[in-house]
Amino acid sequence: MKNNWTTLDHAAKLFIAGESKTETQVFRFSCEFDREIDPALLQEAVDHTMNAFPSFRVVIKKGFFWYYLEECDLSPMVLLETKKLCANMNCTRARKLLLEVTYFRKRVNLEVYHVLADGTGAMQFFTTMLSKYSSLAFGTPMQSPDIDASHTQRKDDSYERYYTGETRKRAKVLPACRIQGFKYSENFLRNITGQLPAEKVSALAKEYRTTVTGLLCAFLIHSIGVNTSSREKKKPIILSVPVDLRNHFPSASARNFFGVISVSYQWQKEDNSIETIVRRLNPQFAEKLTVEYLNNQLDEQSAAEHNVFAKIAPLFLKQLALKIVYKNSEKATTATISNMGRISMPEEAAKHIKSFDICASTKKFQASICSFNGCLSIGCTNPHISSDIERTFFRMFTERDIDVRIMSNNTEDMN
């Protein structure tokens, strides 16, 4: 077999540099069906989907200047779920695929090493796989992904394509409020997921004159503020919000192509009501969710890779530099909130699906959001033993007469 190789995109380089025992750079999509999973049929669905996404059949190779992706002949084997949530895949140390498919009872999981793809690209793979499984298990019509793109277009490095080379003034990085407290060991990632009626949350957001993402950011800032020490609250509470750049720049890439904007709030300078927090966040979203701002950010973040000295530096020096960049970005973030939006499935297949959920490994608090069939799912991963922030966050909905169904991989959390 003739091997073809692909350079890593900008985000993938940072993910490798930022990988650690506690932050594995792995995220998970889960789908719960209305009956037990048939592993043989799921394996057939995975094989079909890998053929439809050949850019996902790759392994990481280490070069003198950069890591790179190399096409291979490996196929993922469907396994019963036994490992911990978002465990390290060790893809840089072994010849293995950058994704894993597992199942447990009625649930199917796709875990992806973020070097391979972002949430949008991975969700295209996941929904295609689930559609194929539904056709095999229930006889529902198979629906191919709604992507008018060639294999080459799906492999596109859109960061490189939209990099203009213009010199951008680097924004000043402010130290953010930190969530403190005792943490779990490196071998455990705690996840608490709340499922809510999407229509009621959307209606509540309209009452506060903001978007669903804006409302969830305001609720999370408030939850962090009331559960954080006075000393830390002297610093701004800064949320990192990933943005799918495909919504702003034409791209059919199934790889990473997202930006990150930050929204901040000064707790000790306001009355800290939800109305006030929303009023402070709305103009920040309006300013930063523009093509001009995102293009400036893309240029700023990619500039270092195009420096002539960076290009000729050996890999170990590049990794050290990227680790510093990654750690500096961590200092400027209190928590992350990522909204994947609405998940679409063929109507007949959707009848057999109860819910979708998302979560990700993290050193900090992260809320991962998606909606399906009227259900809004908010998965909160948190390295801290205390679940006070999650309690406060979800109670803000129940106090407004919105029911929340809570699930956790730690039975002690929500007692």
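Parameters at a glance
- Residues numbered from 1 in each chain as written.
- Predicted model: local features only at pLDDT ≥ 70, side-chain atom pairs only at ≥ 80, totals over all residues.
- Heavy atoms only, no water.
- Helix = DSSP H or I, 4+ residues; strand = E, 2+ residues; numbered from the N terminus.
- Buried < 20%, exposed > 50% of the residue type's maximum accessible area, 1.4 Å probe, protein only.
- Areas by Shrake-Rupley, 256 points an atom, 1.4 Å probe, with all protein chains shown as cover.
- Lys, Arg positive; Asp, Glu negative; His and termini not counted.
- Charge placed at Lys NZ, Arg CZ, Asp CG, Glu CD.
- Expected span 1.5 Å × (residues − 1).
- Contact = heavy atoms within 4.5 Å.
- Phe/Tyr/Trp six-rings, centres within 6.5 Å; stacked < 30°, edge-to-face > 60°.
- Lys NZ or Arg CZ within 6 Å of the ring centre and 35° of its normal.
- Core = buried A, V, L, I, M, F, W, Y, C linked by side-chain atoms within 4.5 Å.
- Pairing = 2+ DSSP bridges.

Draft legend 1. Region of the structure containing the overall build of the protein. Scanning the protein from terminus to terminus reveals 13 helices and 15 strands. C-alpha atoms of the protein, sized along the principal axes, occupy 65 × 55 × 40 Å. Burial analysis of the protein (415 residues in total) assigns 54% to the buried set. With an accessible surface of roughly 19,400 Å², the protein has 51% of that area assigned to carbon and sulfur atoms. Computed over 54 positive and 46 negative side-chain charges, the inter-centroid distance for the protein is 6 Å.

Draft legend 2. Here's a closer look at helix α9 (residues 291-302). Between its terminal C-alpha atoms α9 stretches 16 Å, which fits the 16 Å expected from 12 residues at 1.5 Å a residue. Close packing links the buried residues of α9 with α1 (10-18), α5 (158-162), β9 (237-244), β10 (258-265) and α8 (274-288).

Draft legend 3. View of the packing of aromatic side chains. Applying the stated criterion to the full structure yields 22 aromatic pairs. Ring geometry for F356 and F372: centres 4.9 Å apart, planes at 70°, overall edge-to-face. Taken together, the residues F356 in strand β12 (residues 353-360) and F372 in strand β13 (residues 365-372) connect sequence positions 16 residues apart. Pair check on accessibility: F356 and F372 agree, each one buried. Linked through ring pairs, F27, F29, F126, F356 and F372 together constitute an aromatic cluster. Residue placement shows K13 over the ring face of W66; its charged tip is 4.1 Å from the ring centre. Across the ring face of W66, the terminal group of K318 is positioned such that the distance to the ring centre comes to 4.8 Å.

Draft legend 4. Focus on the nonpolar core. Core analysis: the biggest nonpolar cluster contains 114 residues, and V115, F126, M129, F356 and I378 have the highest contact counts within it. Sequence-distant contacts of F356, that is, excluding residues within four places in its chain, are made with S30, C31, F126, L130, I343, M345, C370, F372 and S377.

Draft legend 5. Spotlight on the pairing of strand β8 (residues 190-197). Among the 8 residues in β8, 7 count as buried, and that is most of the element. Relative to strand β14 (residues 375-382), β8 runs antiparallel, the two sharing 8 bridges. Each bridged residue has a counterpart across the sheet, and for P197 the counterpart in β14 is C375. Bridge count between β8 and strand β15 (residues 405-408): 4 bridges; the pairing is antiparallel. The residue of β15 that forms the bridge with T193 is M407.

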